[in-house]
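# Observations on chain architecture
If you want the building blocks of each chain, they are given just below.
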Amino acid sequence: MQPGNSMQEGKRTENYRETIRQVILQAGALAKDFFRKSTGLYFDKKSPKDLVTEADIQVEKFIRNQLTGKYPKLGFWGEETGKSDELENCWIVDPIDGTHSFFRGQYFWSISIALKLKGELQLGAVFAPALDDLYLGEIGKGATRNGHPVFCSRTNALNEAMVCTGFACLRSDLKDNNLDRFTRVALKTRDQRRCGSAALEMCMVGDGQLDAFWEQHLNLYDVAAGAVIAREGGAIVSDFGGKNGLNPEQVLVTNPPLHQSMVDLM
Ligand code: 2AM
Ligand code: CA
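Residues numbered from 1 in each chain as written. Chains lettered and ligands numbered in written order. Predicted model: local features only at pLDDT ≥ 70, side-chain atom pairs only at ≥ 80, totals over all residues. Heavy atoms only, no water.

What follows covers the packing of aromatic side chains. The geometry of two aromatic rings is summed up by the distance between their centres and the angle between their planes. Applying the stated criterion to the full structure yields nine aromatic pairs. Taking the centre distance of 5.6 Å and the plane angle of 40° together, the rings of Phe 35 and Phe 102 count as tilted. Here Phe 35, found in the loop between helix H1 (3-34) and strand E1 (43-47), pairs with Phe 102, found in helix H3 (residues 99-103); they are 67 residues apart in sequence, far enough to count as distant. Of the two residues, Phe 35 and Phe 102, both sit in the buried class. Ring centres 5.8 Å apart and planes at 75° place the aromatic pair Phe 167 and Phe 182 in the edge-to-face group. Remark: Phe 182 occurs in helix H5 (residues 179-188) and Phe 167 occurs in the loop between strand E11 (162-165) and helix H4 (168-171); sequence separation between them is 15 residues. For Phe 182, a relative accessible area of 25% puts it in the partly exposed group. Through a chain of ring-to-ring contacts, the aromatic side chains of Phe 35, Phe 102, Tyr 107 and Trp 109 assemble into a single cluster. Above the plane of the ring of Trp 77 lies Lys 83, whose end atom (NZ or CZ) is 4.3 Å from the centre. (Phe/Tyr/Trp six-rings, centres within 6.5 Å; stacked < 30°, edge-to-face > 60°. Helix = DSSP H or I, 4+ residues; strand = E, 2+ residues; numbered from the N terminus. Buried < 20%, exposed > 50% of the residue type's maximum accessible area, 1.4 Å probe, protein only. Lys NZ or Arg CZ within 6 Å of the ring centre and 35° of its normal.)

This part takes up a negative patch on the surface. A grouping of Asp 85, Glu 86, Glu 88 and Glu 120 is seen on the molecular surface, where their side chains present a negatively charged patch. Here Glu 88 shows up in the loop between strand E4 (82-83) and strand E5 (90-97). (Patch = residues over 30% accessible without salt bridge, like charges linked within 9 Å, V, L, I, M, F, W, Y side chains within 5 Å. Areas by Shrake-Rupley, 256 points an atom, 1.4 Å probe, with all protein chains shown as cover. Salt bridge = Lys/Arg side-chain N within 4 Å of Asp/Glu carboxyl O. Lys, Arg positive; Asp, Glu negative; His and termini not counted. Charge placed at Lys NZ, Arg CZ, Asp CG, Glu CD.)

The protein atoms that coordinate the calcium ion (ligand 2) are Glu 79 (OE), Asp 94 (OD), Asp 94 (OD) and Ile 96 (O), at distances spanning 2.2 to 3.1 Å. In the primary structure, the donors to the calcium ion (ligand 2) are separated according to the pattern E-x14-D-x1-I. Here Asp 94 lies in strand E5 and Glu 79 lies in the loop between strand E3 (75-78) and E4, a separation of 15 residues in the sequence. Given a relative accessible area of 0%, Asp 94 falls into the buried group. (Donors = N, O, S within 2.8 Å, 3.2 Å for Na, K, Ca; no water.)

For the rest of this paragraph, the subject is the pattern of salt bridges. Under the defined criterion, the tally for this structure stands at seven salt bridges. Linking Lys 11 and Glu 14 is a salt bridge whose minimum nitrogen-to-oxygen distance equals 3.7 Å. Of the two residues, Lys 11 and Glu 14 both sit in helix H1, three residues apart, roughly one turn of that helix. Since its relative accessible area comes to 48%, Lys 11 is described here as partly exposed. We classify Glu 14 as partly exposed; its relative accessible area is 40%. Of the charged contacts, one joins Glu 18 and Arg 21 as a salt bridge, the two residues approaching to 3.0 Å between their closest N and O atoms. A residue pair is termed a helical-turn pair when its members lie 3 or 4 positions apart in one helix, as Glu 18 and Arg 21 do in helix H1 at three residues. The partly exposed category is assigned to Arg 21, whose relative accessible area is 31%. Look at the salt bridges and you will find they share partners, linking Arg 17, Glu 138 and Lys 141 into a network.

Bringing helix H6 (residues 198-206) into the picture now. With nine of nine residues buried, H6 is to be regarded as a mostly interior element. Listed as buried for H6 are Ala 198, Ala 199, Leu 200, Glu 201, Met 202, Cys 203, Met 204, Val 205 and Gly 206.

Right, let's talk about the side chain of Asp 222 for a bit. Mapped onto the elements of the fold, Asp 222 is located in helix H7 (residues 220-232). Accessibility expressed as a relative area gives 9% for Asp 222, which makes it buried. Residues within four places of Asp 222 in sequence aside, it is in contact with Asp 94, Asp 97, Ala 198 and Ala 199. (Contact = heavy atoms within 4.5 Å.)

So, about the domain arrangement of the protein chain. If you check the domain split of the protein chain, you get domain 1 (3-149) and domain 2 (158-265). Each of domain 1 and domain 2 has a C-alpha centre, and the two are 21 Å apart. At the junction of the two partners, domain 1 supplies 35 residues and domain 2 supplies 25 residues. Taking both partners together, domain 1 and domain 2 bury about 2,300 Å²; carbon and sulfur atoms supply 66% of that area. The three residues of domain 1 that bury the most area against domain 2 are Lys 49, Phe 108 and Tyr 135, which together make up 25% of that side's buried surface. At the surface where domain 1 touches domain 2, the tally comes to one salt bridge. A salt bridge links Asp 207 to Arg 145, with the nearest nitrogen and oxygen atoms 2.9 Å apart. (Domains from an automatic or database assignment. Buried area = accessible area lost by both parts, 1.4 Å probe.)

Now the structure itself:
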């Protein structure tokens, strides 16, 4: 690539990065206005176990308007408003990841925005407004929490590991429901968490708060931004067989020393 081109590309991603940062902070303020105001918080059921609130809809509309208004050539894929035709270069958005936590006034929910360019995830932002934690990551350039670089843990023994999972599969009434896997892992590890927002839990592995996270049958918008941040914190993102890369059907995120042991348990 010509130096001029790479400088231009660098400038462009810098602009994208600043746009994501501003939009996610504004979206967080909007979501927080809805948070804990159960009066007037309209909600609907996608299924008996799957809620969508007025906040999910309004926050996604806000993000979509801002991003597509500023960059009309980039596509958009959001949980609530769906996919545009352009998906090689697009924003990937979950307006509220952890809707059930949000709806119950708990703190573990987040807004997730990723940018895919030429088919590759390039940038990720995850903001947890109730915790006031903003994670930003860019491929090859590292990741931060509230401006400070994040690094995954160095825990190398399962019996010292703090791990985390989720049960979206149970909510979807799937037969392959993660309970056997959870039992196997829980018996070998020091402690377990289930926070309810896959995007945030992946960032927590990148940030060393957790040593490993796995979940199955998710959607790309749940995990795209978290994958960028986890990887840039030094974590490995693979499927349950250990194959490197992001597969929303089987997401395993671990620090490097624990990766093989976690693959063996999957
Ligand atoms: P959500 O809050 O945006 O729905 C929690 O286990 C994780 O699973 C969250 O990221 C949650 O995202 C996601 N999730 C919950 N129900 C789901 C379903 N039925 N299908 C896929 N993902 C789901
Ligand atoms: Ca959501």
